[in-house]
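# Coordinates in review
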Amino acid sequence: MGRIRQLLTLLSVWMVCPAHGDVYNIDDSFGFGRQFDGIGGLSGGSATSKLLIGYPEKQRDEILDYLFLPKFGASLQILKVEIGGDAQASDATEASHMHTPWEENYDRGYEWWLMKEAKKRNPNIKLYGLPWDFPGWIGNGTQNPYINPGVLADYIFRWIKGAKVHHGLNIDYIGIWNERGNDLTYIKTLRQVLDTNGYTHTRIVGGDVWWSSFTNVYTDTETLSAIDILGSHYPGVVSPAEVMKLGKPLWSSEDYSTYNDNIGGGCWARILNQNYVQGLMTSTIAWNLIDSFYEGLPWDRDSLMTAREPWSGNYVVESPIWMSAHTTQMTEPGWRYLPHNRGVGMLKYGGSYVTLVSPDVDNDLQMTIVIETMSHDHSQCIRPALAPYDVVEQTVTFVMEGSLKQITQLYVWQSILKFDDTETSTYFKQLSPVQVVDGKVTLTVGVDEMVTLSTVQANHGQHPTPPASTDFPVPFHDDFKQYPLSAEPYILAPQQGSYEVVSAEEPYGHVMRQMVLQPPVVWCPQTLYWNGSLNLLGRINWTDVDISVDVRVGAVNGSNGVFLGVRIDKGGCSTYGANGIYYYIFPNDNLFLLSKDIQGNQTITAGRERSAIVKGWNKLTLSINDNKATGTCNGVQLFDVAIPDNTPGIGFVGLGTDVYGIADFDNLRVSNGTDTTNANTDAFLTSSSRDQHAIADKDVDETLFIRAEIEINEEYLVQIP
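Residues numbered from 1 in each chain as written. Predicted model: local features only at pLDDT ≥ 70, side-chain atom pairs only at ≥ 80, totals over all residues. Heavy atoms only, no water.

## Regarding the overall build of the chain
Keep this limit in mind: Elements are defined by DSSP. Helices are runs of H or I of four residues or more, strands are runs of E of two residues or more, and each kind is numbered from the N terminus. Throughout this description, buried means an accessible area under 20% of the type-specific maximum (1.4 Å probe, protein chains only), exposed means over 50%, and partly exposed covers the range between. In what follows, residue pairs with any heavy atoms lying within 4.5 Å of each other are defined as contacts. Note on areas: these come from Shrake-Rupley sampling with a 1.4 Å probe, and a residue is covered only by the protein chains present in the view. Under this rule, positive means Lys or Arg and negative means Asp or Glu; His and the chain ends count for nothing. Where a charge lies is defined by one atom per residue type: Lys uses NZ, Arg uses CZ, Asp uses CG and Glu uses CD.
The helix and strand tally for the chain stands at twelve helices and 35 strands. Along the longest, intermediate and shortest principal axes, the C-alpha atoms of the chain span 95 × 60 × 45 Å. Within the span of the chain, comprising 721 residues, buried residues form 63% of the whole. Sequence separation of at least 24 residues holds for 74% of the intrachain contacts in the chain that already meet a minimum separation of 6. A total of about 25,100 Å² of accessible surface is found on the chain, and carbon and sulfur atoms cover 49% of it. For the chain, the distance from the average position of its 50 positive side-chain charges to the average position of its 83 negative side-chain charges is 4 Å.

## Digging into the state of the cysteines
What we call a disulfide is simply a covalent bond connecting the sulfur atoms of a pair of cysteines. Definition in use: Put simply, a disulfide is two cysteine sulfurs that come within 2.5 Å.
Within the structure shown, the criterion is met by two disulfides. Covalent S-S linkage joins Cys-267 and Cys-381, the inter-sulfur distance amounting to 2.0 Å. Disulfide Cys-267-Cys-381: the torsion about the S-S bond is 100°, which places it as right-handed. Taken together, the residues span a long stretch of sequence, with Cys-267 in helix α10 (residues 262–277) and Cys-381 in the loop between β15 (367–372) and β16 (394–401) at a distance of 114 residues. Taken individually, Cys-267 and Cys-381 each receive the classification buried, so the pair is uniform in this respect. With a sulfur-sulfur separation of 1.9 Å, Cys-524 is cross-linked through a disulfide to Cys-573. You can see Cys-524 sitting in the loop between β24 (510–514) and β25 (533–537) and its partner Cys-573 sitting in the loop between β27 (562–568) and β28 (579–586), a full 49 residues away along the chain. Judged by its relative accessible area of 0%, Cys-524 falls in the buried class. What makes Cys-573 buried here is its relative accessible area of 5%.

## What about the pattern of salt bridges?
Selection rule: We count a salt bridge whenever a side-chain nitrogen from Lys or Arg sits within 4 Å of a carboxyl oxygen from Asp or Glu.
Taken as a whole and assessed by the stated rule, the structure comprises 26 salt bridges. Asp-208 is paired through a salt bridge with Lys-80; the nearest N and O atoms lie 2.8 Å apart. Separated by 128 residues along the polypeptide, Asp-208 in strand β6 (residues 203–209) and Lys-80 in strand β3 (residues 78–83) bring together distant segments of the chain. Neither Asp-208 nor Lys-80 differs from the other in exposure class; each is buried. Lys-120 serves as the salt-bridge partner of Glu-117, at 3.1 Å between the closest nitrogen and oxygen. With Glu-117 and Lys-120 both in helix α3 (residues 111–121) and three residues apart, this pair spans about one turn of that helix. Exposure remark for Glu-117: the relative accessible area of 10% places this residue in the buried category. We classify Lys-120 as exposed; its relative accessible area is 58%. Connected via shared salt-bridge partners are Asp-61, Asp-65, Glu-117, Lys-120 and Arg-121.

## What to know about unusual backbone geometry
Here the residue pair Trp-287 and Asn-288 is connected by a cis peptide bond, since its omega of 5° sits within 30 degrees of zero. Among the structural elements, Asn-288 can be located in the loop between β9 (281–287) and β10 (306–309). Following Arg-383, the chain continues to Pro-384 via a peptide bond in cis, the omega torsion being -10°. Within the element layout of this structure, Pro-384 appears in the loop between β15 and β16. For Asn-590, which is not glycine, the phi dihedral falls at a positive 55°. When you line up the elements, Asn-590 lands in the loop between β28 and β29 (591–597). Note on Asn-590: relative accessible area 14%, which makes it buried.

## Regarding the nonpolar core
Heads up, the condition is: Take the buried residues of types Ala, Val, Leu, Ile, Met, Phe, Trp, Tyr and Cys, join any two whose side-chain atoms come within 4.5 Å, and each joined set is a nonpolar core.
With 164 residues, the main nonpolar core has Phe-68, Leu-79, Leu-537, Tyr-583 and Leu-668 as its most contacted residues. The element that contributes the greatest number of residues to this core is helix α5 (residues 149–167), accounting for eight residues. Excluding its chain neighbours within four sequence positions, the residues that come into contact with Leu-79 are Gly-41, Ser-43, Phe-68, Leu-114, Met-115, Ala-118, Ile-125, Lys-126, Leu-127, Tyr-128 and Leu-289. Counting residues in hydrophobic clusters, the runner-up holds 25 residues, among them Tyr-24, Leu-347, Leu-365 and Ile-369.

## Some details on the sheet that holds strand β1 (residues 21–27)
Backbone-to-backbone hydrogen bonds pair the strands of a sheet. The strands run either parallel or antiparallel. This is how the line gets drawn: Criterion used throughout: strands pair if DSSP finds at least two bridges between them. Axis lines are fitted through C-alpha atoms, for helices just across the contact stretch, and the angle between N-to-C directions can take any value from 0 to 180 degrees.
Here we have three strands laid out as an open sheet, ordered β1-β16-β19, and mixed in their pairing. At either end of the open sheet lies a strand with only one pairing partner, and these are β1 and β19 (440–445). Each strand of the sheet is rotated relative to its neighbour by a mean of 25°, with strand direction disregarded. Note: β16 against β19, six bridges, orientation antiparallel. Paired with Val-396 across the bridge in β19 is Leu-443.

## Observations regarding the packing of aromatic side chains
Just so we agree on the cut-off: Two rings from Phe, Tyr or Trp (for Trp, the six-membered ring) form a pair when their centres are within 6.5 Å of each other. A pair whose planes differ by under 30 degrees is stacked, one over 60 is edge-to-face, and the rest are tilted. For a ring to carry a charge above it, either NZ of a lysine or CZ of an arginine must fall within 6 Å of the ring centroid while also lying within 35 degrees of the normal to the ring plane.
Across all of its chains, the model carries 37 aromatic pairs by this definition. With a centroid separation of 5.8 Å and an interplanar angle of 90°, the aromatic rings of Trp-287 and Trp-299 are classed as edge-to-face. Taken together, the residues span a long stretch of sequence, with Trp-287 in strand β9 and Trp-299 in the loop between β9 and β10 at a distance of twelve residues. Comparing Trp-287 with Trp-299, the two get one shared label, buried. Taken together through their ring pairs, the aromatic side chains of Tyr-66, Phe-72, Tyr-315, Trp-322, Trp-413 and Phe-428 make up a single cluster. Sitting above the plane of the Phe-30 ring, Arg-342 keeps its charged end 3.8 Å from the centroid. Over the aromatic face of Tyr-234 sits the side chain of Arg-383, whose NZ or CZ is 4.3 Å from the ring centroid.

## Quick notes on the confidence of the model for the chain
This is how the line gets drawn: The score called pLDDT rates the predictor's confidence residue by residue, from a low of 0 to a high of 100.
Per-residue confidence for the chain averages 91 on the pLDDT scale, and 90% of its residues sit at or above 70. Scored below 50 in pLDDT, residues 1–18 shows 18 contacts in the model against residues more than four places distant or in partner chains. Segment residues 675–721: pLDDT under 50, and 121 contacts once partners within four positions in sequence are set aside and those in other chains are kept.

## Things to note about the sheet that holds β3
Read around the closed barrel, eight strands run β2-β3-β4-β5-β6-β7-β8-β9, paired in parallel fashion. Two strands pair when backbone bridges link them, and β6 and strand β7 (residues 229–233) are joined in this way by four bridges, in the parallel orientation. Residue pairing for β7: Val-205 is matched across the bridge by Ile-229. Running at roughly 170° to β3, α3 makes contact with β2 (38–43), β3 and β4 (126–131) of the sheet.

## As for the environment of Val-243
Mapped onto the elements, Val-243 comes out in helix α9 (residues 241–244). Among the residues examined, Val-243 registers a relative accessible area of 0% and is labelled buried. Taking C-alpha positions, Val-243 is 8.1 Å from Trp-211, a pair spaced 32 residues apart along the chain. When near neighbours in sequence (up to four residues on either side) are disregarded, Val-243 contacts Trp-211, Tyr-218, Leu-230 and Leu-250.

## Section: the pairing of strand β26 (residues 545–553)
For β26, the tally of buried residues reaches eight of nine residues, placing the bulk of the element in the interior. When β26 meets strand β35 (residues 663–672), the two strands line up antiparallel, connected through eight bridges. If you follow Asp-550 over to β35, its bridge partner there is Asp-666. Strand direction decides the pairing type here: β26 and strand β31 (residues 618–625), joined by six bridges, are antiparallel. Residue pairing for β31: Asp-546 is matched across the bridge by Ser-623.

Pasting the structure below:
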């Protein structure tokens, strides 16, 4: 009876439907198409993985398994990371390995840690570095990082060498400048510097812009020779004919960027296939790898999975993880696509298919066919616009020829995406193997499905259910003693400036220091409106908050002033316009200021307090209760005033400096009258729920993104030839 039931199940899955069907040849006797280079995720652009390192070890390891462990979850084959440049690049800043030209430090940030964790799980994963911003000294007082190509090439080489020397990491690929101009002299100089120093294995990805933005590369044979791979962002599955003729590997080196519900999963499934079918792109890399940043910042959940509660350990394995698995678990970089119409193409009734084979088909024949039938409305990526098309349930028959005709059985994995709350989706489910008879296999594929047929077995990894989501734990206290020197505190999300742990005199010991001394070369041109720094934490919906901190302005290269902020209404590229309630002190002038805007232009109250505000360490407190703000310095009350009606009623808390320069912070404390969750105050924090304001922020920041592209060669940045 069990055998009969199995046969009936197989018939229901693979039943031929005569209404819509076609035959597709899978044939390796005509040779091969391009080499498959792998599917990847991007950590950075910016600080998208910020909170992950602060997770409890158990849940952190589970998350990393879902991302990187072969034959478990997404099984990513490329990890691309931001080379920190001390400036905002979408959601937060990442620290440079050289804040100044006279120092190097390869313990800053968390990208080294993340790359090592990825390598620990998959020693064959490829590593790829790309800068978004640069410390100000690279531009020598301008916004042009190419002003001295030799200086920039040496700076990037030191990052690559630092990865090897300090962390044992080989950087496989290096980019130029994210979504900005490509300087031909610099590209050639970088290749020369790498080769001269024995890093010939590090391959240069030219572009990391739009296909149309680096046409000057196509006609410069020397530069083209220096570039190993041509990478475009958000190509819409299309590569221009002139690019495909150049003979270079083509990558979608940043793609996806879409909310990670099932529509996001549909977007990712569609482009993983069609980037090659229509554009000959042999790698697709998702921005971003994981939403591990504060909810309420731009680009909420535009990621492969979500993990933004390190204090609770809660995380969510989203649908794009399993869409990745359909390709990554049953292929390897170095495999080859079959030729178009011999294993690669569009399905007659909508959707696409690709076939990949192992490189040594004579001795180790392995084959994987990936099919997707994502409908238009359920697979739209955030960019570019998707032209209308139709897809219907259809029957496909694959006829295997050449050496592939010897295959007799294929493993089957299926995902079915549903968009009605009454229906349940299927994510990467193993079905019974299908027999190949006389080189033929026939199956029916419905709409919004992904199916993989392979000679390689896979696995639907499954860790225990993660802990439940909980609220941000308050009261909160951080004295920065638990961090190693040079670490970036896990709890805080710097929006401008760079903050790291340094050693101070007793009794302070480890403190957090703002390190940036001059305006960086920026990716977000809007940030040039304001040269201060901001570090956020908490929830976007906090109202009544008490916050205190010990602060000190640096005696050498110091900032002018420092501040505490509450009800801060935005971050990201628009940090310069963040409204809220900001309490500034300027110790060298014994001044204080309460302002409605981060730049200190909309004064609520101000004054001079020679006895209360001193040089050296000052203890600040700011309390917000309904419509009243109270502030003290060293125990002396400086103001107790009404909050103007047009001030934001909710927002993050934060601290920062009025201009770039050294400032130290210690003993940060936050309590909230409306959030009395009992929790360990040493926990590391972020926010959890999916609020509508976060979705709206995604649209707002898209406008900023487009505006940045328009303004890049106008008044904000030096024009790049």
